Amino acid sequence: MSTQQLEQTYELAVYPRRDIVLVRGSGARLFDENGREYIDCAANVGVSNIGHGNQTVARAVHDQYLTLGNCYSMFYSPVRAHLAQKLASLAPGKLNRVFFCNSGAEANEAAIKFARSSTGRQEIIAAMRGFHGKTMGALAATWGPEYQKPFAPMLPGLKHVPYNNLAKLEAALGDNTAAVLLEVVQGEGGVRVGDKGYFQKVREMCDAHGILLIIDEVQTGFGRTGTLFACEQFVEPDMLCLAKSLAGGIPMGAVLCNDRIKVPVKSHTSTFGGNPTACAAALASIGVIEKEGLVEKSRTLGGYFLKELGRIESSKIREIRGLGLMLGIELKEKAGPYVQQLTDKGVIVLLAGATVIRLLPPLVITKEEIDTVVAAFKDILVD
Ligand SMILES: Cc1ncc(COP(=O)(O)O)c(C=O)c1O
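Residues numbered from 1 in each chain as written. Predicted model: local features only at pLDDT ≥ 70, side-chain atom pairs only at ≥ 80, totals over all residues. Heavy atoms only, no water.

### Re the sheet that holds strand E17 (residues 356-359)
- Overall, antiparallel pairing links the four strands, which are arranged E13-E14-E17-E16 in an open sheet. Every other strand in the sheet has two partners, leaving strand E13 (317-323) and strand E16 (350-351) as the edge strands with one partner each.
- In this sheet, strand E14 (residues 326-331) lies alongside E13 in antiparallel orientation, the contact comprising six bridges. Bridge pairing links Glu 319 to Glu 330 in E14. (Pairing = 2+ DSSP bridges. Helix = DSSP H or I, 4+ residues; strand = E, 2+ residues; numbered from the N terminus.)

Here's what the structure looks like:
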C-alpha cells in the first residue's frame, strides 16, 4: 500500500489531508517522495521557526538522549534547570517561573487550572475567533461550534467576547472571573493583530479586579512576530503559554508565570513535561535563534514580505496584514482553491478560516525565496 493508503487505513481520519507525502526538509525547503521541492510557508503551523534539519538541535537531542533521555520531575535535572533559568531570563517582566508540558493545548489547559487555583474563582473569558487547542479545557476556550459541538458539554465557566472590543470584555467581567485568555495576534482566527491600546486597557482592568491575564503565544512565540515574544509589543501577562517552536520541532510546551500564580504540590504534573531531551532541544533551538539573529530577520524580512505582497494589484484581495513573519492575505472569496494553486507552483501555505491564506515561513527563509513566493502569488491573483 502507498503511504497515503496506509495512513488512511490505519489512522483516524481527523485531519483534512493534502495529497503530498513529505519526506525531507532543509532550511525553508520541503521535499516530497518524488523529489519535488517546495518553499515552506507553513513551518508545521509555526513549529519550525529555525528551519528544517537544524544540525545544532539534532546534535543536542542525540547527545542528551544518550546521556539521560528522560528524568521525571520528581528528580532534579541540570538541563531542565538551565532551560528554566534561560526562559526566565528571556521572558518579559516578572515571568520568572515555568511549568513544563508537551503541547500548546496542555499549556493552556495548565494556565486555566493555575488561574483557578491562584484566584479561587472559576470563570475564564476568552475571545471569539480565538484558538487555544482541542483538549477539553483548552477546547472550551477555543472559539468555534464546529470544534465544540461533537464533544459537548464543555467545561463550565468559559465565556467568549468579541476580540479587540474593550466594552464587551468589561461587561463580561465579574466577581467570579479568574482570568482573561487572549492571543495578541489571532493565528487560526485569521491573522488578526490586536491593538496595543486594547491590551494595555485589558491589563488595567485585570489589575483593578484582581483578574489574571493569560497570553497564548503558542503560535506567536520565539521570534515569529519580530520580537522573541509577541506580547513584548503589547502587554505584560501573568501567564505566557508557549509550545510549537519552543524546542525546535521536538514536542514541548511551557507556561511562564509570575509570582501571582499559586499551585498546590502534586495538583498538576506531567510525565514527559520537562524531559531532558526536549529541554536540550529547546536550549539548542533558542541558541540558534540568538546566534542567527532570527528575531531581527523576522522583523526585517516580514516587513519586506508584507510590502512586496502589498504591491500585488488584484481585485481578489480584501486585505493583507500581519506582524513579522506571520502574514495573512484575506481574499474576497474562498481561499482553498488558491492554496492548491500555490502548492502546484511549489509553495506550501496555510488557511486561517475560509478566506485567509496564512504564511508562517521558517524564520530562516531567504529574501530570494520570499521573491519566489510573491511571484507565485502574483501569478494566481493578478486579474
Ligand atoms: C494560539 C494557539 N494555541 C494553542 C494551540 C494548540 O497547540 P497544540 O496543537 O500543540 O495543542 C495552537 C495550535 O495551533 C495555537 O495556534
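More follows now that the structure is in view.
### Remarks on the site of the ligand
- Taken together, 13 residues lie near the ligand, and Gly 104, Ala 105, Asp 216, Gln 219 and Lys 244 sit nearest.
- A distance of 3.3 Å separates a nitrogen atom of the ligand from a polar backbone atom of Phe 131.
- The side chain of Gln 219 places a nitrogen or oxygen atom 2.7 Å from an oxygen atom of the ligand.
- Counting residues per element, the shell around the ligand draws most heavily on helix H5 (residues 104-119), which supplies three residues. (Near = heavy atom within 4 Å. Polar contact = N/O pair within 3.5 Å; in protein donor to acceptor, adjacent residues only side chain to side chain.)

### Here we look at a nonpolar patch on the surface
- Together, Met 1, Leu 6 and Tyr 10 give the surface a local cluster of nonpolar side chains, amounting to about 380 Å² of exposed area.
- On the secondary structure map, Tyr 10 appears in helix H1 (residues 3-10).
- Given a relative accessible area of 62%, Tyr 10 falls into the exposed group. (Patch = residues over 30% accessible without salt bridge, like charges linked within 9 Å, V, L, I, M, F, W, Y side chains within 5 Å. Areas by Shrake-Rupley, 256 points an atom, 1.4 Å probe, with all protein chains shown as cover. Salt bridge = Lys/Arg side-chain N within 4 Å of Asp/Glu carboxyl O. Buried < 20%, exposed > 50% of the residue type's maximum accessible area, 1.4 Å probe, protein only.)

### Overview of unusual backbone geometry
- Of note, the amide linkage connecting Ala 152 to Pro 153 takes the cis form, showing an omega dihedral of 0°.
- Looking at the secondary structure, you find Pro 153 in the loop between helix H7 (145-148) and strand E6 (158-161).
- In this model, Ala 43 sits at a positive phi of 50°, which is unusual for a non-glycine residue.
- With respect to the helices and strands, the residue Ala 43 is situated in helix H2 (residues 43-46).
- A relative accessible area of 0% places Ala 43 in the buried class.
- Of note, Lys 266 is a non-glycine position whose phi angle comes to about 75°, a positive value.

### Quick notes on the nonpolar core
- Formed by 94 residues in total, the largest nonpolar core has its most connected members in Val 180, Ile 357, Leu 359 and Phe 377.
- Once you skip the residues sitting within four places of it in the chain, Phe 377 turns out to touch Leu 309, Ile 312, Ile 329, Leu 342, Val 349, Ile 357, Leu 359 and Val 382.
- Listed in part, the 25 residues of the second largest apolar core include Ala 178, Leu 212, Ile 214 and Val 255. (Core = buried A, V, L, I, M, F, W, Y, C linked by side-chain atoms within 4.5 Å. Contact = heavy atoms within 4.5 Å.)

### Side note on the pairing of strand E3 (residues 37-40)
- Sheet analysis places strand E2 (residues 29-32) next to E3, joined by three bridges and oriented antiparallel. Looking across to E3, one finds that Leu 30 is bridged to Tyr 38.
- The loop that links E2 with its antiparallel partner E3 comprises four residues; one of these, Gly 35, has a positive phi angle of about 85°.
- Strand direction decides the pairing type here: E3 and strand E15 (residues 347-348), joined by two bridges, are parallel.

### Examining the pattern of salt bridges
- Taken as a whole and judged by the stated rule, the model has 18 salt bridges.
- Glu 37 is paired through a salt bridge with Arg 29; the nearest N and O atoms lie 2.6 Å apart.
- Using a relative accessible area of 38% as the deciding quantity, one classes Glu 37 as partly exposed.
- Between Lys 307 and Glu 308 there is a salt bridge, and its shortest N-O distance comes to 3.9 Å.

### Things to note about helix H12 (residues 336-344)
- Residues of H12 that are buried include every one of Tyr 338, Val 339, Leu 342 and Thr 343, and no others. Each buried residue of H12 lies within a common arc of 145° when the element is viewed along its axis, so the set occupies one face.
- At the C-terminal side of H12, Gly 346 shows a positive phi close to 90°. (Arc of directions from axis to C-beta.)

### Quick look at the packing of helix H4 (residues 78-90) against helix H10 (residues 276-291)
- At a minimum axis separation of 9 Å, H4 and H10 run at an interaxial angle of 40°. Overall, the two elements H4 and H10 adopt an arrangement that is oblique. Of the two elements, H4 crosses H10, and the hand of that crossing is left-handed. When H4 is examined against H10, the residues Val 79, Arg 80, His 82, Leu 83, Lys 86, Leu 87 and Leu 90 are found in contact with a partner set consisting of Pro 276, Cys 279, Ala 280, Ala 282, Leu 283, Ile 286 and Glu 290. (Axes fitted to C-alpha atoms, helices over the stretch in contact; angles between N-to-C directions. Parallel < 35°, antiparallel > 145°, perpendicular 65-115°, else oblique. Left-handed = near helix turned anticlockwise from the far one by under 90°.)

### Let's talk about the pairing of strand E10 (residues 212-216)
- Burial runs high along E10: five of the five residues are buried.
- Along E10, one buried face is formed by Leu 212, Ile 214 and Asp 216 and the opposite face, lined by Leu 213 and Ile 215, is buried too.
- Pairing geometry for strand E7 (residues 177-182) and E10, over four bridges, is parallel. Looking across to E10, one finds that Val 180 is bridged to Leu 213.
- Across three bridges, E10 lies against strand E11 (residues 239-242) in parallel orientation. In the strand pairing of E11, Asp 216 is matched with Cys 241.

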